[in-house]
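Here are the chains, one letter per residue:
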Number of protein chains: 2
Amino acid sequence: MEPDKPRAPNIRDVAARAGVSYQTVSRVLNDSTAIRPETRQRVLAAIEELGYRPNEAARALVTSRSRTIGVISAQTAYYGPATAIAAIETAARREGYRISATYLASSDRASIQSSLSYLLAQGVEALVVIASQVRVFEALEELAVTVPYVALAATTGVGHRVAFDQIEGGRRAIRHLAELGHTEILHIAGPQDWTEADARMRGYLQALDEADLRPRAPVLGDWTASFGYYAGLELLRMRDFTAVFAANDQMALGFLHACRDAGLDVPGDVSVVGFDDIPEAAHLAPPLTTVRQDFAEVGRRAVERLLQELRGEPPADDAAIAPELVVRASTARPH
Amino acid sequence: MEPDKPRAPNIRDVAARAGVSYQTVSRVLNDSTAIRPETRQRVLAAIEELGYRPNEAARALVTSRSRTIGVISAQTAYYGPATAIAAIETAARREGYRISATYLASSDRASIQSSLSYLLAQGVEALVVIASQVRVFEALEELAVTVPYVALAATTGVGHRVAFDQIEGGRRAIRHLAELGHTEILHIAGPQDWTEADARMRGYLQALDEADLRPRAPVLGDWTASFGYYAGLELLRMRDFTAVFAANDQMALGFLHACRDAGLDVPGDVSVVGFDDIPEAAHLAPPLTTVRQDFAEVGRRAVERLLQELRGEPPADDAAIAPELVVRASTARPH
DNA sequence: CGCGCGCGTGTGGACGTTCACATCCAGCGC
DNA sequence: GCGCTGGATGTGAACGTCCACACGCGCGCG
């Protein structure tokens, strides 16, 4: 055992070693006012020798700034949220922020409250909401959250949002199908308390309206491939449609499976469009036509916007990111 | 504007309101020594009224315990790591810990160092390594990291590991194929600087040896579906094999795509086994036989084990989690 | 009946950092 | 030559909490 003093070196240790005052060390760390280059060198050398690391907790305490961005995500391991979180972390770290991510165990009130108060206790300076379920926003309102927050959310316009324009994404999917000549287009939607699901469905309805097509009652799913499969088995017994727009690629994937089981050819008998463009989409059977979302870009923008707000800068252009339709082999003209 | 004092309430405000000393409030918060129930009630009421939240930074400072577990993950949005991280966060939060996750931008030395020192600066009490690339461990050694750490790693036995026995997983995959009668079995491996990839390949080689089958030079992949696809196109030109074991489901999925392009039937012409059992695996064409990993369970165990170590308890049984072969429709007898 | 013990509570410090202000010294202009 | 300026550095206090100890009081036991 060491002489029982495994205390990490602090700013005073560094100061002593460099022969300066602790304040000078602090100044070097925060490269604030002018320091004689020679003094700075001495301090840096001392830091190096002692393996000193600033204590973030002490910093946070005295500045009352945690330099932490909270992230609330759904407990889903899906490609989208996971990609976004990684991008957020990377962008935040580059700016000297860290993130604290929580994953909602369920979408009920208690779970949301728990996540939120956990983040607030850490003194997060800002919040990113990825699990953009409606209830999360209600909770934010209710707790009168004062920190700036953004949602990687569905619709543009409604303050606090880094929009990926999912309505437009839905519209493009439907327009593509309509242009191919489909008239009976079904929608397998996501859970309706998700703003994304809602927006994609609105895009579906809008585009049908624009094309003078009959809207059909959407099937409300749960984002999973399994749902797509079982819903597909059910739906295909009627087969009163020629195209399906699924609210995400997983459900589309499940639906493709159901088509195979039913002996139907895609896109010969049924056209299928997904949403997200997960990396697997290009290799499904058949390769899936889908709407591409750039989750990483959205994550980066969220951070950028929050940091601007924290610095008191006017929020820059809030243009929604345009969705991009990726046409592959799961769509064709109906016969 | 408020009378410019938006300072969050602190322990002394609560004390004043409840008519006790700040120390009593602290005791209530840490429910330490006995407190008269009536006093406790008064304190809790005051906390409620003021909307008081303990300042974690101050706590961390004075106790010199950050109650933070650091996580180092690869910059991949794959199902496995994402699931594990979510599970780790949930488990840690339940125990009063928070996590700080970093995502490696690349696998080079600088990136690893940067992540690591970032986490250490936050005073993490423990580390979970998910991106179990060999270089990460080298960096841990080199920086003489003193906090306990575990890797959600490949092989059992080698200290610091919460093992999911991937060697055994690989063996089971191959045994399954061998029992079906396959003798020419190919392996599409993962990047060899990943311990997981290495372990799965060792399982492959071991099982071949046990079955007295000829090992074949593995194809070294990068975990992606695209790689599986292009490698598949190449490999299928020879077709000197009847079965393929891919080191993860994504590469298997890409390989299935290649088989379709080549006009081959799976499992009629080629059998395919994957690894991980991603949620999509059951709905691929055909549904994929694969080795199931319970990422969430591994994540929970990692947290459990680290907390035991932090509490000074002897580490509990370190048995590797047994992998489970899930047989679906992508494997059959060769003809 | 007095002493001690233990329950319930209060007081002073410390954690490591930054902020506001004080100080020192050299150089310069009048 | 003296005071003033401003660059470079030092000093005291504060952030919000927990730990170690001190204290007062009532009760039980000898």
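Because the structure is a prediction, the values reported are computed rather than measured.

1. Overview of the relation of the copies chain B and chain A
Copy one and copy two of the chain differ by a rotation about a common axis and a shift along it. Between chain B and chain A, which share one sequence, the superposing operator has a rotation angle of 180° and an axial displacement of 0.1 Å; the RMSD is 0.3 Å. One copy is carried onto the other by what is essentially a two-fold rotation axis. Relative to the rotation axis, the C-alpha of B:A57 is the closest in chain B, positioned 2.4 Å from it. A high fraction, 100%, of the interface residues of chain B reappear at the interface in chain A, so the copies pair face to face through one surface.

2. A short note on the interface of chain B and chain A
Chain B puts 47 residues into the contact, and the matching count from chain A is 47 residues. Summing the contributions of chain B and of chain A, the shared interface buries around 3800 Å²; its carbon and sulfur component is 60%. Taken together, the links from chain B to chain A amount to 18 residue pairs in polar contact (both at pLDDT 80 or more). For the side of chain B that touches chain A, the secondary structure elements donating two or more residues are α4 (56-63), α5 (79-94), β2 (98-104), α6 (109-121), α10 (225-238) and α11 (249-261) of chain B. No other element matches the eight residues that α5(B) contributes to the side of chain B that touches chain A. For the side of chain B that touches chain A, the class distribution of residues is 25 nonpolar, 15 polar and seven charged.

3. Observations concerning the protein's contact with DNA strand D
The immediate surroundings of DNA strand D are formed by 28 residues, with A:T24, A:A34, A:T39, B:I11 and B:Y52 found nearest. Those atoms of DNA strand D that come within 4 Å of the protein belong to sugar or phosphate at a rate of 54%. One of the backbone nitrogen or oxygen atoms of A:S21 is found 2.7 Å away from a phosphate oxygen of DNA strand D. Between DNA strand D and B:R59, the relevant distance is 2.8 Å, taken from a phosphate oxygen to a side-chain nitrogen or oxygen of the residue. Secondary structure elements with two or more residues in the surface near DNA strand D: α2 (22-29) and α4 (56-63) of chain A together with α1 (11-18), α2 (22-29) and α4 of chain B.

4. As for the layout of surface pockets
Quantified by volume, the second largest pocket comes out at close to 350 Å³. Looking at the second largest pocket, it is lined by 22 residues, and the ones nearest its centre are A:Q75, A:T76, A:A77, B:Y79 and B:T83. Secondary-structure elements contributing two or more residues to the lining of the second largest pocket are α10 (225-238) of chain A together with α5 and α12 (295-310) of chain B. Ranked by the residues each element gives to the lining of the second largest pocket, the list is headed by α5(B), at eight residues. Looking at the lining of the second largest pocket, its residues break down into eleven nonpolar, seven polar and four charged.

5. Overview of the protein's contact with DNA strand C
Taken together, 28 residues form the shell around DNA strand C, and within it A:I11, A:Y52, B:T24, B:A34 and B:T39 come nearest. Put simply, 54% of the atoms of DNA strand C that lie within 4 Å of the protein are in sugar or phosphate. One of the side-chain N or O atoms of B:T24 is found 2.6 Å from a phosphate oxygen in DNA strand C. Residue B:R27 places a side-chain N or O atom 2.7 Å away from a base nitrogen belonging to DNA strand C.

6. Re the sheet that holds strand β4 (residues 149-151) of chain A
Residue and element names in this part refer to chain A. Pairing within the open sheet is parallel, and its four strands lie in the order β2-β1-β3-β4. This sheet does not close on itself; its edge strands, each paired only once, are β2 (98-104) and β4. Within the sheet, the average angular offset between the axes of one strand and its neighbour, ignoring direction, is 20°. Pairing geometry for strand β3 (residues 126-129) and β4, over three bridges, is parallel. Each residue of the ladder has a partner; that of V129, found in β4, is A151.

7. Overview of the packing of α10(B) against α11(B)
Residue and element names in this part refer to chain B. Look at α10 against α11: their axes get within 6 Å of each other, and the N-to-C directions meet at 40°. When the interaxial angle is binned, α10 and α11 end up oblique. Seen from above, α10 lies across α11 with right-handed handedness. Note on element contacts: α11 touches α10 through Q250, M251, L253, G254, F255, H257, A258, C259 and D261, opposite A225, F227, G228, Y229, G232, L233, L235 and L236. Its residues assigned to classes, the contact of α10 with α11 comprises eleven nonpolar, five polar and one charged.

8. Regarding helix α6 (residues 109-121) of chain A
Between its first and last C-alpha, α6(A) extends 18 Å over 13 residues, near the 18 Å set by a 1.5 Å rise per residue. Considered for burial, the residues of α6(A) that qualify are A:S111, A:I112, A:S115, A:L116, A:Y118, A:L119, A:L120 and A:A121.

9. Details of the sheet that holds strand β3 (residues 126-129) of chain B
All names here are of chain B. Read across the sheet, four strands follow the order β2-β1-β3-β4 without closing on themselves; strand pairing throughout is parallel. Lying at the two open borders of the sheet, with one neighbouring strand each, are β2 and β4 (149-151). Averaged over all pairs of adjacent strands, the angle between strand axes in this sheet comes to 20°, irrespective of strand direction. Summarising the sheet, strand β1 (residues 68-74) and β3 pair through four bridges and their orientation is parallel. The residue of β3 that forms the bridge with V71 is V128. Relative to β3, α12 is tilted by about 155°, and along the sheet it contacts β1, β3 and β4.

10. Considerations on the domain arrangement of chain A
Residues and elements named next belong to chain A. Considered domain by domain, chain A is made up of domain 1 (11-54), domain 2 (64-164 + 296-310) and domain 3 (166-294). The C-alpha centroid of domain 3 is placed 28 Å from the C-alpha centroid of domain 2. The junction of domain 2 with domain 3 conceals about 1500 Å² of combined surface from both sides, 59% of it contributed by carbon and sulfur atoms. Taken together, the links from domain 2 to domain 3 amount to zero salt bridges. Among the elements of the structure, α7 (134-142) and α12 (295-310) are those that each provide at least two residues to the side of domain 2 that touches domain 3. Among the residues forming the side of domain 2 that touches domain 3, the class breakdown is 13 nonpolar, four polar and two charged.

11. As for the pattern of salt bridges
Scanning all chains against the criterion turns up 42 salt bridges over all chains. Where A:R301 meets A:E297, a salt bridge forms, and the shortest distance between an N and an O atom there is 3.3 Å. Here A:E297 and A:R301 lie together in helix α12, a separation of four residues that amounts to about one turn. For A:R301, a relative accessible area of 27% translates into the label partly exposed. The partner of B:E49 in a salt bridge is B:R17, and the shortest N-O contact between them spans 2.5 Å. Residue B:E49 is located in helix α3 (residues 37-50), and its partner B:R17 is located in helix α1; the two are separated by 32 residues in the primary sequence. For B:E49, a relative accessible area of 49% corresponds to the partly exposed category. Three or more residues are tied together by salt bridges with common partners; here these are A:E168, A:R171, A:R172, A:R175 and A:E210.

12. Points about the packing of aromatic side chains
Residues and elements named next belong to chain A. Taken as a whole, this structure holds ten aromatic pairs over all chains when the rule is applied. Taking 4.9 Å as the distance between ring centres and 70° as the angle between the ring planes, the aromatic pair formed by Y229 and Y230 counts as edge-to-face. On the basis of relative accessibility, which here comes to 11%, the residue Y229 falls in the buried class. Residue Y230 is classed as exposed on the basis of its relative accessible area of 54%. A ring pair is formed by F245 and F275, whose centres lie 6.2 Å apart and whose planes are at 45°; its orientation type is tilted. With F245 in strand β7 (residues 243-246) and F275 in the loop between β8 (271-273) and β9 (290-292), this residue pair connects regions lying 30 residues apart in the sequence. Its end group placed over the ring of Y22, R12 keeps NZ or CZ at 4.1 Å from the ring centre. For R67, the ring lying beneath its charged end belongs to Y97, and the centroid distance is 4.7 Å.

Thresholds, definitions, all that
- Residues numbered from 1 in each chain as written.
- Chains lettered and ligands numbered in written order.
- Predicted model: local features only at pLDDT ≥ 70, side-chain atom pairs only at ≥ 80, totals over all residues.
- Heavy atoms only, no water.
- Least-squares fit on C-alpha atoms with pLDDT ≥ 70 in both.
- Contact = heavy atoms within 4.5 Å.
- Buried area = accessible area lost by both parts, 1.4 Å probe.
- Polar contact = N/O pair within 3.5 Å; in protein donor to acceptor, adjacent residues only side chain to side chain.
- Helix = DSSP H or I, 4+ residues; strand = E, 2+ residues; numbered from the N terminus.
- Nonpolar A, V, L, I, M, F, W, Y, C, P; charged D, E, K, R; others polar.
- Near = heavy atom within 4 Å.
- 1 Å grid on protein atoms, 1.4 Å probe; cavity = no way out; pocket = protein on both sides within 12 Å on 5 of 7 lines; lining within 4 Å.
- Points joined across faces, edges and corners; volume = space filled by probe spheres on them.
- Pairing = 2+ DSSP bridges.
- Axes fitted to C-alpha atoms, helices over the stretch in contact; angles between N-to-C directions.
- Parallel < 35°, antiparallel > 145°, perpendicular 65-115°, else oblique.
- Left-handed = near helix turned anticlockwise from the far one by under 90°.
- Expected span 1.5 Å × (residues − 1).
- Buried < 20%, exposed > 50% of the residue type's maximum accessible area, 1.4 Å probe, protein only.
- Domains from an automatic or database assignment.
- Salt bridge = Lys/Arg side-chain N within 4 Å of Asp/Glu carboxyl O.
- Phe/Tyr/Trp six-rings, centres within 6.5 Å; stacked < 30°, edge-to-face > 60°.
- Lys NZ or Arg CZ within 6 Å of the ring centre and 35° of its normal.

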